[in-house]
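Structural overview for review
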Amino acid sequence: MPSEEQDTIAHLLKVEEDAAEIIRQAQEQSDKEVAAARAKSDSEYSRQYEEMASQMEKAYEGRVSQIQKTRDNQIEEYKSQIQQTPKDVDAFNKLLEKIL
């Protein structure tokens, strides 16, 4: 009888070892899948980030260009208005004589 008990215990230990090996393999597979999913996710995030950053940069540059053109046009209009303003040289000279 003791031999039968020993065989049973040995069998149970073997089953436990097999179960531990299955769990270890499953954990390794899980780790690989998680790492692959993380790498894929990080890659997709980077791609989308770069795409959005590029779009925002283009929009920014377009807006800056538009503002610069508007500014340049306003300056030119102001210069034109100043140049078209009649100059009263006599009144200016009288004012200078008065001040001096």
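Report follows, based on the coordinates.

Secondary structure summary: the protein chain contains 2 helices and 0 strands in total. Taken over C-alpha atoms, the radius of gyration comes to 42 Å for the protein chain, far larger than the 13 Å a tight globule of 100 residues would show. In terms of principal-axis extent, the alpha carbons of the protein chain reach across some 135 × 30 × 10 Å. When the 100 residues of the protein chain are sorted by exposure, 0% land in the buried category. Counting only carbon and sulfur atoms, one obtains 56% of the accessible surface of the protein chain, whose full area is about 9,700 Å².

All right, on to a nonpolar patch on the surface then. Judged by side-chain polarity, Phe92, Leu95, Leu96, Ile99 and Leu100 come together as a nonpolar surface patch covering roughly 570 Å² of accessible area. You can see phenylalanine 92 is positioned in helix α2 (residues 89-99).

So, on to the environment of glutamate 5. Along the chain, glutamate 5 turns up in helix α1 (residues 2-84). When the C-alpha atoms of glutamate 5 and serine 41 are compared, they prove to be 53 Å apart, with 36 residues separating the residues in sequence.

Going through the model one piece at a time under the given rule, you end up with 1 aromatic pair. Plain terms: the ring middles of tyrosine 45 and tyrosine 49 are 6.2 Å apart, the flat faces sit at 25 degrees to each other, and that makes the pair stacked. Separated by 4 residues within a single helix, tyrosine 45 and tyrosine 49 lie in helix α1, roughly one turn from each other. For tyrosine 45, a relative accessible area of 57% gives the class exposed. The partly exposed category is assigned to tyrosine 49, whose relative accessible area is 49%.

We now examine the pattern of salt bridges. Applying the stated rule across the entire model yields 7 salt bridges. Here lysine 14 ties to aspartate 18 by a salt bridge, and the two come within 3.2 Å at their closest N and O atoms. Separated by 4 residues within a single helix, lysine 14 and aspartate 18 lie in helix α1, roughly one turn from each other. On the basis of relative accessibility, which here comes to 45%, the residue lysine 14 falls in the partly exposed class. With its nearest N and O atoms 2.3 Å apart, the salt bridge here joins arginine 24 to glutamate 28. One end of the pair, arginine 24, and the other, glutamate 28, are both in helix α1, 4 residues apart, so they sit about a helical turn from each other. Assessed through its relative accessible area of 38%, arginine 24 is described here as partly exposed. Among the charged side chains, a salt-bridge network with shared partners connects Glu21, Arg24 and Glu28.

Rules and cut-offs
- By convention here, each chain's residues receive numbers from 1 onward along its written sequence.
- Only residues with pLDDT of 70 or above have their local features reported here, since the model is predicted, and side-chain atom pairs are shown and tallied only from 80 upward, although totals for entire chains, interfaces and linings are computed over all residues.
- Computation of side-chain values: all heavy atoms of the structure, hydrogens and water removed.
- Helix numbering and strand numbering both begin at the N terminus, where a helix is a DSSP run of H or I of at least 4 residues and a strand a DSSP run of E of at least 2.
- As defined in this context, the radius of gyration uses C-alpha atoms, and a globule is described by 2.2 Å times the residue total to the power 0.38.
- Exposure categories follow from relative accessible area, calculated using a 1.4 Å probe and restricted to protein chains: below 20% of the type maximum is buried, above 50% is exposed, and the middle band is partly exposed.
- Under the convention used here, a 1.4 Å probe and the Shrake-Rupley method define accessible areas, while residue burial counts only the protein chains that appear.
- Only residues above 30% relative accessible area that lack a salt bridge enter a patch, with like-charged residues linked at up to 9 Å and the nonpolar side chains Val, Leu, Ile, Met, Phe, Trp and Tyr linked at up to 5 Å.
- We define a salt bridge as a contact between a side-chain nitrogen of Lys or Arg and a carboxyl oxygen of Asp or Glu at a distance within 4 Å.
- Any two of the Phe, Tyr and Trp rings considered here, Trp counted by its six-membered ring, make a pair once their centres fall within 6.5 Å; the pair's planes then place it as stacked at under 30 degrees, edge-to-face at over 60, or tilted in between.

So yeah, pure geometry; function would need other evidence.
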